[in-house]
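Geometric and topological summary
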Amino acid sequence: PVWEKLRLLHIAMRAYDAQVRDLLPSFVESTERDRAQRRLSYLQWAIHETPEGKELKEKWKAERLKQMSTVRQATGLSVSLSRGLRLMLRPAG
């Protein structure tokens, strides 16, 4: 995940540079690239700690559990037993 986050940060900074190049007037010298990079980096590494990030994480977890339960139901019989309980199945006849 670290390499993926770094790759995404570089992509975001390239997009930022392209937008600044198109939008910034020629007489302005500072693009504040370092400030934008710090803010994007902070957001990237701390997004899971924000209320919105926590909400999305819980939503994705619930969706994943729901998807797993539908897959499990589609495969047939599913039984959950405690460790000490034994189950014996006998064929008909």
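This text gives an overview of the structure that appears in the document. All values reported here derive from a predicted model rather than from experimental measurement.

Re the overall build of the protein chain
- A count of helices and strands for the protein chain gives three helices and zero strands.
- For the protein chain, the succession of helices and strands along the chain, N to C, is α-α-α.
- Only carbon and sulfur atoms are counted for the fraction: they give 58% of the accessible area of the protein chain, which is about 9100 Å².

Points about the side chain of glutamine 44
- For glutamine 44, the location among the structural elements is in helix α2 (residues 33-46).
- Of the residues examined, glutamine 44 reaches a relative accessible area of 14% and is grouped as buried.
- Beyond its immediate sequence surroundings of up to four residues, glutamine 44 is in contact with Lys5, Leu6, Leu8 and Leu9.

What to know about the pattern of salt bridges
- For the structure shown, the criterion picks out four salt bridges.
- The salt bridge involving arginine 7 is made with glutamate 4; its shortest N-O contact spans 2.8 Å. Separated by three residues within a single helix, arginine 7 and glutamate 4 lie in helix α1 (residues 2-23), roughly one turn from each other.
- Residues arginine 38 and aspartate 34 are paired through a salt bridge, measuring 3.7 Å at the closest nitrogen-oxygen approach. Here aspartate 34 and arginine 38 lie together in helix α2, a separation of four residues that amounts to about one turn.
- Classification of arginine 38 by relative accessible area gives exposed; the value is 54%.

Side note on α1
- Between its first and last C-alpha atoms α1 spans 31 Å; for 22 residues at 1.5 Å apiece the expected length is 32 Å, and the two agree.
- Within the sequence span of α1, burial applies to Leu9, Met13 and Val20. Each buried residue of α1 sits inside an arc of 35 degrees when the element is viewed along its axis, so together they form one side. Across from the buried face of α1, at angles greater than 90 degrees, the exposed residues are Trp3, Arg14, Gln19, Arg21 and Asp22.
- Buried-residue contacts for α1 involve α2.

Some remarks on unusual backbone geometry
- Positive phi, close to 55 degrees, is recorded for glutamate 32, a residue that is not glycine.
- One can find glutamate 32 in the loop between α1 and α2.
- Looking at glutamate 32, the relative accessible area reads 41%, which means it is partly exposed.

Some thoughts on a nonpolar patch on the surface
- A cluster of nonpolar side chains, contributed by Val79, Leu81, Leu85, Leu87 and Leu89, occupies part of the molecular surface with about 520 Å² of accessible area.
- Note that leucine 87 resides in the segment after α3 (51-74).
- Accessibility expressed as a relative area gives 55% for leucine 87, which makes it exposed.

Reading guide: rules and limits
Residues numbered from 1 in each chain as written. Predicted model: local features only at pLDDT ≥ 70, side-chain atom pairs only at ≥ 80, totals over all residues. Heavy atoms only, no water. Helix = DSSP H or I, 4+ residues; strand = E, 2+ residues; numbered from the N terminus. Areas by Shrake-Rupley, 256 points an atom, 1.4 Å probe, with all protein chains shown as cover. Buried < 20%, exposed > 50% of the residue type's maximum accessible area, 1.4 Å probe, protein only. Contact = heavy atoms within 4.5 Å. Salt bridge = Lys/Arg side-chain N within 4 Å of Asp/Glu carboxyl O. Expected span 1.5 Å × (residues − 1). Arc of directions from axis to C-beta. Patch = residues over 30% accessible without salt bridge, like charges linked within 9 Å, V, L, I, M, F, W, Y side chains within 5 Å.

Purely spatial values, then, with no claim about function.
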